[in-house]
Amino acid sequence: MTPAARLSAAIEVLADLNARRRPAGDALKDWGLSHRFAGSGDRAAIAGLVYDTLRRRASAAHVMGSEEPRALVLGMLALMRGLDMEAIAMLADGGRFAPSPLSEDERARLADPDLSTAPPFVRGDYPQWLHASLRHVFGEEVVAEGEALATRAPLDLRINTLKGEPEAVRAALAHLHPEPGRFSPLALRIRLDSEGKAPPVSAEPAFIRGEVEVQDEGSQLAAILARPVPGSQVLDLCAGAGGKTLEFAALMDNKGQLYAHDSDIRRLKPMHERLARAGVRNVQVRSPRGAEDVLHDLEGRMDLVLVDAPCTGTGTWRRNPDAKWRVRPGALAQRTAEQAKILDEAVRYVRPGGRLAYVTCSLLDEENGAQVRALIAKHPDFSPVPPAETVLALGATGPALAAAALTSREGLTLSPRRTGTDGFFISVLRRAP
Ligand SMILES: C[S@@+](CC[C@H](N)C(=O)[O-])C[C@H]1O[C@@H](n2cnc3c(N)ncnc32)[C@H](O)[C@@H]1O
C-alpha cells in the first residue's frame with residue numbers, strides 16, 4: 001500500500017470506531033480481516049496513524065475546526081508528525097486510494113496549525129471533564145503533563161534476574177539497541193521506529209528463555225518501591241496476569257512465599273505459563289473459587305500486601321490513547337468505590353508491623369492520595385512511609401526518583417513528563433506493631 005492509501009485506511013478505521021463506539025484495537029482488527037491484501041507492515045503503519053490521531057484528537061480537531069476523521073488525521077500529521085502543508089497535500093492528492101485533495105480551508109489551517117488560543121484541555125489533549133482533577137494534581141504544569149501523555153511510549157523490558165545475568169541479557173539484545181532505564185536498574189528501553197512500531201520482542205530467544213519481560217519502567221519501579229524482602233510472606237491481592245508477581249519473585253530471589261490472587265480467574269490465566277517461563281518457584285496462585293474465602297488462612301500473617309488496584313488508567317494514555325476519550329465520570333466513581341473496598345479487604349492480611357503497598361496507574365488524586373487518606377482515617381494503625389524513605393529501596397537512583405516524581409505525604413506520583421514512565425502512584429503504609 002502507498003503512504004496515501006494507508007492514510008485513507010486510517011480515516012476509514014477512525015470513522016468505524018466513531019460510528020460503532022468500539023475500541024480502536026477491535027476496529028483495526030476488523031479492517032485487517034476485511035482487507036487481506038494488506039501486509040503486516042501496512043497494518044502496523046495504519047495502527048500507528050490511528051493511535052497517533054487518537055493521541056492528538058482534541059488539538060487536531062481544534063486546528064482543523066472539525067471532528068471528522070479526515071480532519072483529525074490531517075491535523076495529526078501536522079501536529080505530531082511535523083509534516084508541513086505541502087507534504088500533506090502531496091499525500092492527499094486525490095489519486096487512486098488517496099484521500100481527496102485539500103480544500104482551501106484545509107490548506108489555510110494546515111499552513112498555520114495554531115494552538116495558542118486553545119483552552120488547556122485542548123493543548124494538553126485530555127477530556128475536558130478531567131481538567132479540574134488533573135489541574136488539582138499538576139497545577140500550572142497540567143498542559144505540559146497532558147502533552148507528555150499524548151506522546152508515544154517506548155517499549156520497556158525488565159531483566160529477569162532469576163534467569164539471566166544483566167550483562168549477558170543486554171548482550172543478547174544488543175541488536176535492538178536497548179538503552180538503560182533512568183531509574184530501574186533492571187530496565188532496558190527500546191525506541192520505536194518513526195511510525196511507532198516496536199520490534200517483535202516476544203520472538204527473541206532471550207524472551208523465550210524468560211530472561212526478559214515486557215514491563216513499563218514505572219511498573220518496575222512500583223514493585224521495587226514496595227520492597228518485597230527475600231524470605232518473607234507476601235500477598236499480591238490484585239495480581240492479574242502477574243506483571244508485578246513475577247518481579248516480586250525475582251526481587252525475593254525465589255525465597256519466602258508469594259501468594260497471587262485476583263477476583264477474576266480469567267485475568268490470572270496467563271500467569272501460570274509466565275511463572276514457568278520466568279523460572280519462578282515461590283508463588284502459590286490462589287484462584288477464586290465461587291463464594292469460598294480462598295485467602296482466610298493468610299489473615300494477619302503477611303509481611304507485605306500489594307494492592308495493584310483496578311483504576312481508570314489515566315497514567316497509561318500514551319499506550320491506550322483511545323481509553324483517554326472513553327473514560328467517563330461513572331467509570332471513575334465505580335473505580336474509586338472498588339479501590340476503597342479492596343483496601344478494606346487488604347488490611348485484614350497485613351500482620352502487625354507489616355506493610356501495605358497501594359499502587360495505581362492513575363494520576364487522579366481521587367484514586368490515589370484520597371484513597372490513602374480514607375484508609376488512614378478508617379484504620380489509624382496504618383501510616384504512610386515518607387517517600388524519601390520509600391525510594392531507598394531503589395538504591396543509588398532513589399534520591400533522583402524522589403526529586404523527579406511528584407511527592408506528597410501519601411506517596412509518589414510518576415508521569416511521562418516527570419519520570420519518563422507511564423503514570424503511576426505508589427504509597428507504602430506501615431501497620432503499627
Ligand atoms: C491493575 S490490574 C493488576 C495488574 C497486575 N498486578 C500486573 O502487574 O500485571 C487490577 C486487577 O485487579 C483485579 N481486581 C478487581 N477487583 C478485585 C478485587 N475485589 N479483589 C482482587 N482483585 C480485584 C482485576 O481483575 C485486575 O486484574
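Because the structure is a prediction, the values reported are computed rather than measured. (Residues numbered from 1 in each chain as written. Predicted model: local features only at pLDDT ≥ 70, side-chain atom pairs only at ≥ 80, totals over all residues.)

A.B. asks: Can you walk me through the overall build of the protein chain in this structure?
C.D. replies: Scanning the protein chain from N- to C-terminus turns up 21 helices and 13 strands. Here the protein chain has a C-alpha radius of gyration of 23 Å; the compact-globule value for 433 residues is 22 Å, and the two agree. Each principal axis of the C-alpha atoms in the protein chain carries an extent, and together these give about 70 × 45 × 45 Å. Evaluated residue by residue, the protein chain yields a buried proportion of 46% over its 433 residues. (Helix = DSSP H or I, 4+ residues; strand = E, 2+ residues; numbered from the N terminus. Rg over C-alpha atoms; globule rule 2.2 N^0.38 Å. Buried ≥ 20, exposed ≤ 12 C-beta atoms within 10 Å, placed from the backbone.)

A.B. asks: Would you mind going over the nonpolar core with me for this structure?
C.D. replies: Here is a general trend for soluble globular proteins: nonpolar side chains tend to be buried in one another's company. With 56 residues, the main nonpolar core has Val305, Val307, Ala357, Tyr358, Val359 and Ile426 as its most contacted residues. For this core, the element with the highest residue contribution is helix H13 (residues 217–226), accounting for six residues. The residues contacting valine 359, other than those within four sequence positions of it, are Ala222, Leu306, Val307, Asp308, Ala309, Phe424, Phe425 and Ile426. Ile11, Leu54, Met76 and Ala78 belong to the second largest nonpolar core, which has 35 residues in total. (Core = buried A, V, L, I, M, F, W, Y, C linked by C-beta atoms within 7 Å. Contact = placed C-beta atoms within 7 Å.)

A.B. asks: Would you explain the site of the ligand in this entry?
C.D. replies: Around the ligand, a shell composed of 16 residues is seen, among which Cys238, Gly240, Gly243, Ser263 and Asp308 lie nearest. Looking at the shell around the ligand, the elements that each hand over two or more residues are helix H14 (243–251) and helix H17 (329–347). Within the shell around the ligand, the residues separate by chemical class into six nonpolar, four polar and six charged. (Near = placed C-beta within 6 Å. Nonpolar A, V, L, I, M, F, W, Y, C, P; charged D, E, K, R; others polar.)

A.B. asks: Hey, could you run me through the pairing of strand S7 (residues 283–286) in this one?
C.D. replies: Consecutive residues of a regular strand have side chains that alternate between opposite faces of the sheet. Both strand S6 (residues 257–261) and S7 contribute to a ladder of four bridges, which runs parallel. By the bridge assignment, alanine 260 is partnered in S7 with valine 285. Regarding the hand of the β-α-β motif, the stretch spanning S6, helix H15 (residues 265–277) and S7 is right-handed. (Pairing = 2+ DSSP bridges. Right-handed = clockwise from strand over helix to strand, strands pointing away.)

A.B. asks: I keep staring at the sheet that holds strand S2 (residues 179–180) and nothing clicks. Help me out?
C.D. replies: Strand-to-strand pairing in sheets goes through backbone hydrogen bonds, with the strands running parallel or antiparallel. If you walk across this open sheet you meet the four strands as S2-S3-S1-S4, and the pairing is antiparallel. Because the sheet does not close on itself, it has two edges, and the strands there are S2 and strand S4 (212–214).

A.B. asks: When you look at helix H9 (residues 131–138) in this model, what are you seeing that I'm missing?
C.D. replies: For the α-helix, the turn length of 3.6 residues means that residues three or four positions removed from each other point alike. Those residues of H9 that fall on the buried side of the exposure criterion are Ser133, Leu134, Val137 and Phe138. Down the axis, H9 shows its buried residues gathered within 115° of arc, on one side only. In this structure, the buried side of H9 is in contact with helix H10 (142–149). Positioned one or two residues after H9, glycine 139 has a phi angle of 55°, which is positive. (Arc of directions from axis to C-beta.)

A.B. asks: I keep staring at the domain arrangement of the protein chain and nothing clicks. Help me out?
C.D. replies: Frequently, the measure chosen for interface size is the accessible area that the parts lose on association. Split into domains, the protein chain comes out as domain 1 (3–111), domain 2 (155–214) and domain 3 (217–431). Taking the mean C-alpha position of each, domain 1 and domain 3 sit 38 Å from one another. (Domains from an automatic or database assignment.)

A.B. asks: In this structure, what is going on with unusual backbone geometry? I would like to understand it.
C.D. replies: A negative phi angle characterises most non-glycine residues, just as the trans form characterises most peptide bonds. A positive phi is found at phenylalanine 97, a non-glycine position, where the angle reads about 70°. Along the chain, phenylalanine 97 falls in the loop between helix H6 (85–91) and helix H7 (104–111). Residue phenylalanine 97 is classed as exposed on the basis of its C-beta count, with 12 C-beta atoms lying within 10 Å. Located in the positive-phi region is asparagine 254, a residue other than glycine, with phi close to 65°. If you trace the backbone, asparagine 254 turns up in the loop between H14 and S6.

A.B. asks: How should I be thinking about H13 in this particular structure?
C.D. replies: Burial within H13 is extensive, with ten of its ten residues counted as buried. Restricting attention to buried positions, one finds in H13 the residues Glu217, Gly218, Ser219, Gln220, Leu221, Ala222, Ala223, Ile224, Leu225 and Ala226. The positive-phi residue at the C-terminal boundary of H13 is arginine 227, with phi of around 55°.

A.B. asks: I tried to follow the packing of H17 against helix H18 (residues 369–378) on my own but got confused; where do I start?
C.D. replies: Packed helices, taken two at a time, are described by their axes: the angle between them and the distance between them. Between H17 and H18, whose axes approach to 10 Å, the crossing angle comes to 40°. In this view, H17 runs oblique relative to H18, as classed from their interaxial angle. The two elements H17 and H18 cross, and the hand of that crossing is right-handed. When H17 is examined against H18, the residues Gln339, Ala340 and Leu343 are found in contact with a partner set consisting of Gln371, Ala374 and Leu375. (Axes fitted to C-alpha atoms, helices over the stretch in contact; angles between N-to-C directions. Parallel < 35°, antiparallel > 145°, perpendicular 65-115°, else oblique. Left-handed = near helix turned anticlockwise from the far one by under 90°.)

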